[in-house]
Each structure stands twice: as structure tokens, then as C-alpha cells.
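Listed here are the chains, written in short residue letters.
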Amino acid sequence: MAWYKRLNWVNAIFLIVTPVIVSIFIPLNIIFHGFDWRLVLIFILGCLATSVSITGGYHRLFAHRSYEANWLLKLFYLVFGAAALQGSAIKWCSDHRRHHKHVDTDVDPYSISKGFLFAHVGWVFLKDDPQYREFRSQDLKADPLVVWQNKYYFLLAVIVGFGIPTLIGLAFGSPWGGLLWGGFARVVITHHCTFFINSLCHMWGKQPYGKKNSARDNFVLAFFTYGEGYHNFHHRFEADYRNGVRWYQWDPTKWWIRSLSFFKLTRNLKRVPDSEILKARLQADESLFIAAGSYNERLREIKTNIEERLRQMAQFRKEKLKFEFKSARIELRALLAQWRLARRLYGKRRVEFAA
Ligand SMILES: [Zn+2]
Ligand SMILES: [Zn+2]
């Protein structure tokens, strides 16, 4: 098929024209009307509401079902998710579930194997492949709120994404400013922050949970993507509501979901047990040692002992044997220190940039 027949002209024009509008009219607006911090506030609040609706709503709630949400929160996600101009929840989740199931292959809608530009934005320029339309979205079509958003997606996107910021701007005499900052600039920034997850998060960073696919963990990207930058972990444990699994890892989406659980707006937050996460890391390290030609009997013994301590700890916890549990934990820490030392000396782990 000729390339122009595969183009989704509406998407292509929108994605090209919006950054042009922002880069011409925002400077003009500042020159002629002065810099107004209230417009910047509309922009920031708009970015936060729409981005968390994508990361916490579209992604971790609707696509992965990593927790459950109250209907009011779902409504918030669906309304502001529409304003992100990334398609309806059904369309977004269908693409994303296909990405996880067929990552890096031709069936992956934003496969990094087709290059940075394709994974970042190029795939949005193309029409949907009819054979994968609404891929694995039966559960979503059973949710009346999600179906409602799918039906009125375009209207919601225009009203919430552009109408409301214009009206807020109008309230203090700057409707064009409201539209430019809260509408266009917010959409462009939110778009590209989300797109980084599909592009750079599959190219740049570490792979502590294995190299079975191209996904990577990257703190810098986590900062710009509301925590989604811990993408290697996410592809390994997609059902976990966290992406930055350690308490100190920058994942505001995880903190948002957890905080809302205190107000009963979220519940049944899914967490992969720490022992499973540790085992996945050990397995990834083992492959690293093998690839580096440094895996030996001693390392194999340390790994077996770590796994044995994990098993014992689970048993001691069940039997409420406090002393035995703590002793096993002390031994586990010593073994992990040895393992980390070996990884530093023989694993040749380094930050990698995909070719
Ligand atoms: Zn991915
Ligand atoms: Zn995902």
C-alpha cells in the first residue's frame, strides 16, 4: 500500500501543527500581553491532571488493572485522560496491551525495533491496523464509564482540553493565553513526555530485571514521565501498581495511587512480593555473569544460598519464629553483599544505550 494511504492525516496534522502553534504564539502572547504567572499555573495544573490520568488511569488502572478505583476517580481519569489527546481509554489500552504482549516485534504498535522516531511519534501518524483494533479490550467494553468516554471522546477532549482552559483564561481577561498555555502547550508537553516512554525508555538506561526485551530503567526519564521511566521493572512485572519499586525511586504516580488508598478512592493495590523481585534480579545478574564468561561454582553457591534464605524466611514468618527469621535475614544481607561485590567485579554492568 502506498505510504500516503496508510497516513492518519488528522493525527499527522495535529502532531505537526500543535508544536508550531506553541512556538510561535506563546512568545507573541508574552511580547504583547506580558508574562502572566496565572497562565503558567493553568499550564502546570493541566499537565498534572492530564498526565496522572494517563499514567495512573489509562496505564496502571485501565490497561494493567494493577489496582481498583472508586467510580469518581475513574471518571476523573477518563475526563482528563481525554484532554491528553492520546485517544480514548479503549484505544490507548488496546495498543498498550499489544505493546506488552508483542514487545519489540512487528505486532508491537510502537516497536523500538523500527527506530526512535517511529516508536516516539511515527506510529501515531499511521492508521490503526484493523486486525488489531480493540485488541484484548473486552473487559473495558464491559465498564459503562469507559464506554461512555469512548463514545464522547472527541467532545470531552475539546471541552476539557481546550474549552475549560480558555474559560479560566477569560475569567482574568486572557482567553487566548488560557487556550495557548492550558490547551496547546499542555497537550504538546504531555504528548512528548508520554511518547518518551515508548521511545527512550526502550533505548536508554539499565536493565536490572533482564534483557529479554528492550525496556530500560532510567531515573532521568522517570522524572519527566511521572515515574514511568522504570520501564524495565514494569515490563517484567506489569501487574504491580509501582514502576519505581524502591521507596526512594521517583514515581509520583505510585505515591498518588497509594495516597488515594487512605481516602478509599483506590484499593487492592497489587504488589509483587520482594522475594520475587529479588529472584528476578538474581536471574538477570546470572545471565550477565554468563555473558561475561565469569559465572562459576562459587557464584552459583551464593545464589542457591540466597534462594534458600528467602525460602526459610517465608517459612519462619509463617511460623512466627522471630529469632530464626531475623537470623536468616542477617545471613541474606551478607550473601547479597557478596553477590553485589561479584557483580561489580565480574558482571560488567553499565548504563547502556541501544544501538
Ligand atoms: Zn514499553
Ligand atoms: Zn504498561
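Throughout this document, residue positions are counted from 1 along each chain, in the order its sequence is written. The order in which chains are written sets their letters, starting at A; the order in which ligands are written sets their numbers, starting at 1. Under the rules for a predicted model, residues below a pLDDT of 70 receive no local features and side-chain atom pairs below 80 are neither given nor counted, while totals for whole chains, interfaces and linings still include all residues. The basis for every side-chain value is the complete set of heavy atoms in the structure, and neither hydrogens nor water enter the calculation.

Q: Whenever I open this one, helix H15 (residues 297–318) confuses me. Can you help?
A: A helix here means a DSSP run of H or I that spans at least four residues, while a strand means a run of E at least two residues long, and both kinds are numbered starting from the N terminus. Helix span is expected to be 1.5 Å times the residue number reduced by one. Across its 22 residues, H15 extends 32 Å between first and last C-alpha, which sits within 8% of the 32 Å expected from 1.5 Å per residue. For H15, the complete set of buried residues consists of Leu299, Ile302, Lys303, Ile306, Arg309, Leu310, Met313 and Phe316. End-on view of H15: buried residues confined to an arc of 155°, all on one side of the axis. Of the residues in H15, the exposed ones pointing more than 90 degrees away from the buried face are Glu297 and Lys318. Buried residues in H15 make contact with helix H14 (274–292) and helix H16 (322–347). Pairing of N or O atoms within 3.5 Å defines a polar contact, subject to two protein rules: one partner must be a possible hydrogen donor and the other a possible acceptor, and residues neighboring in sequence count only if both atoms are side-chain atoms. Measuring from the side-chain oxygen of the N-cap residue of H15 to the backbone nitrogen of arginine 298 gives 3.2 Å; that N-cap residue is asparagine 296. Lysine 320 sits one or two residues past H15 and shows a positive phi near 55°. For every residue, the accessible area (1.4 Å probe, protein chains only) is compared with the maximum for its type, and the residue is labelled buried under 20%, exposed over 50%, or partly exposed between those bounds. Working note: the arc is built from the helix axis to C-beta atom directions. Working rule for contacts: check all heavy atoms of both residues, and any pair within 4.5 Å makes them a contact.

Q: How do you make sense of the coordination of the zinc ion (ligand 1) when you look at a structure like this?
A: Ideal coordination angles are 109.5 degrees for a metal with four donors arranged tetrahedrally and 90 or 180 degrees for a metal with six donors arranged octahedrally. Those protein atoms acting as donors to the zinc ion (ligand 1) are His99 (NE2), His202 (NE2), His231 (NE2) and His235 (NE2), and they sit at 2.0 to 2.2 Å. Considering all four donor atoms around the zinc ion (ligand 1), angles at the metal cover 94 to 158° and the coordination shape is irregular. Coordinating donors are taken to be N, O and S atoms lying within 2.8 Å of the metal, or within 3.2 Å when the metal is Na, K or Ca; because water is excluded from the atom set, some sites may appear incomplete. Within one chain, the residues serving as donors to the zinc ion (ligand 1) are arranged as H-x102-H-x28-H-x3-H. Here histidine 202 lies in the loop between helix H10 (175–198) and strand E2 (204–205) and histidine 99 lies in helix H5 (residues 89–101), a separation of 103 residues in the sequence. In this structure, histidine 99 and histidine 202 share a single accessibility class: buried. In this scheme the shape depends on donor count and angles: four donors with every angle between 85 and 135 degrees give tetrahedral, four or six donors with opposite pairs above 155 degrees and others between 65 and 115 give square planar or octahedral in turn, and any other case is irregular.

Q: Which parts of the structure should I look at to understand the coordination of the zinc ion (ligand 2)?
A: Within the protein, the atoms that donate to the zinc ion (ligand 2) are His59 (NE2), His64 (NE2), His96 (NE2), His100 (NE2) and His234 (NE2), at distances of 2.0 to 2.2 Å. Sequence spacing of the donor residues for the zinc ion (ligand 2), all on one chain, is H-x4-H-x31-H-x3-H-x133-H. Of this pair, histidine 59 sits in helix H3 (residues 37–63) while histidine 234 sits in helix H12 (residues 231–236); the two residues are 175 residues apart in sequence, bridging distant segments of the chain.

Q: Is there a simple way to explain the packing of H3 against H10 in this structure?
A: Between two packed helices, the angle of one axis relative to the other and the distance separating the axes together describe the packing. Relative orientation of the contacting elements H3 and H10 amounts to 40°, with a least axis distance of 8 Å. Judged by the twist between their axes, the crossing of H3 over H10 is right-handed. Taking contact as the criterion, the partners of Leu39, Val40, Ile42, Phe43, Gly46, Cys47, Thr50, Ser51 and Ile54 in H3 are, on H10, Gly177, Gly178, Trp181, Gly182, Ala185, Arg186, Ile189, Thr190 and Thr194. Gly is put with the polar residues, along with every residue not named as nonpolar or charged; the nonpolar set is Ala, Val, Leu, Ile, Met, Phe, Trp, Tyr, Cys and Pro, and the charged set is Asp, Glu, Lys and Arg. Residues that form the contact of H3 with H10 fall into these classes: nine nonpolar, eight polar and one charged. Whenever a helix is involved, its axis is fitted only over the stretch in contact; in every case the axis is a line through C-alpha atoms, and angles between N-to-C directions fall within 0 to 180 degrees. Note: crossing handedness is left-handed where the near helix turns anticlockwise from the far helix by less than a right angle, and right-handed where it turns clockwise.

Q: Where do I start with the state of the cysteines in this structure?
A: Defined simply, a disulfide is a covalent bond joining two cysteines at their sulfur atoms. Cysteine sulfur atoms that come within 2.5 Å of each other are treated as a disulfide pair. Enumeration over the complete set of coordinates arrives at zero disulfides. Its sulfur unpaired, cysteine 47 is 7.4 Å from the next cysteine sulfur, which belongs to cysteine 193. Given a relative accessible area of 7%, cysteine 47 falls into the buried group. You can see cysteine 201 has no disulfide; the closest cysteine sulfur is in cysteine 193, sitting 11 Å from it.

Q: Hey, could you run me through the domain arrangement of the protein in this one?
A: For an interface, size is often stated in terms of accessible area lost upon the parts coming together. The split of the chain into domains comes from an automatic or database domain assignment. Domain annotation of the protein identifies domain 1 (3–267) and domain 2 (274–353). Computed from C-alpha coordinates alone, the two centres of domain 1 and domain 2 are separated by 36 Å. Contact with domain 1, which involves 16 residues of that partner, is made by eleven residues of domain 2. Accessible-area loss on putting two parts together, using a 1.4 Å probe and summing over both, is the definition of buried area adopted here. Interface area, domain 1 with domain 2, both sides summed: about 1,200 Å², of which 61% is carbon and sulfur. Criterion for a salt bridge: a side-chain nitrogen of Lys or Arg within 4 Å of a carboxyl oxygen of Asp or Glu. For the pair domain 1 and domain 2, the number of links is zero salt bridges. For the interface between domain 1 and domain 2, the tally reads one residue pair in polar contact (both at pLDDT 80 or more). Put simply, the parts of the chain that give the side of domain 1 that touches domain 2 at least two residues each are E2 and H12.

Q: What is the right way to read a nonpolar patch on the surface from this model?
A: On the surface, Tyr4, Trp9, Ile13, Ile16, Val17, Val20, Ile24, Phe25, Leu28, Ile31 and Phe32 cluster together to form a nonpolar patch covering roughly 1,100 Å² of accessible area. The biggest single contributor to the nonpolar patch is helix H2 (residues 9–33), with ten residues. Within the secondary structure layout, isoleucine 16 lies in helix H2. Here the term patch refers to residues with relative accessible area over 30% and no salt bridge, with like charges joined within 9 Å and nonpolar side chains (Val, Leu, Ile, Met, Phe, Trp, Tyr) within 5 Å. With residues, only the protein chains shown are counted as cover, and all accessible areas are computed by Shrake-Rupley using a 1.4 Å probe.

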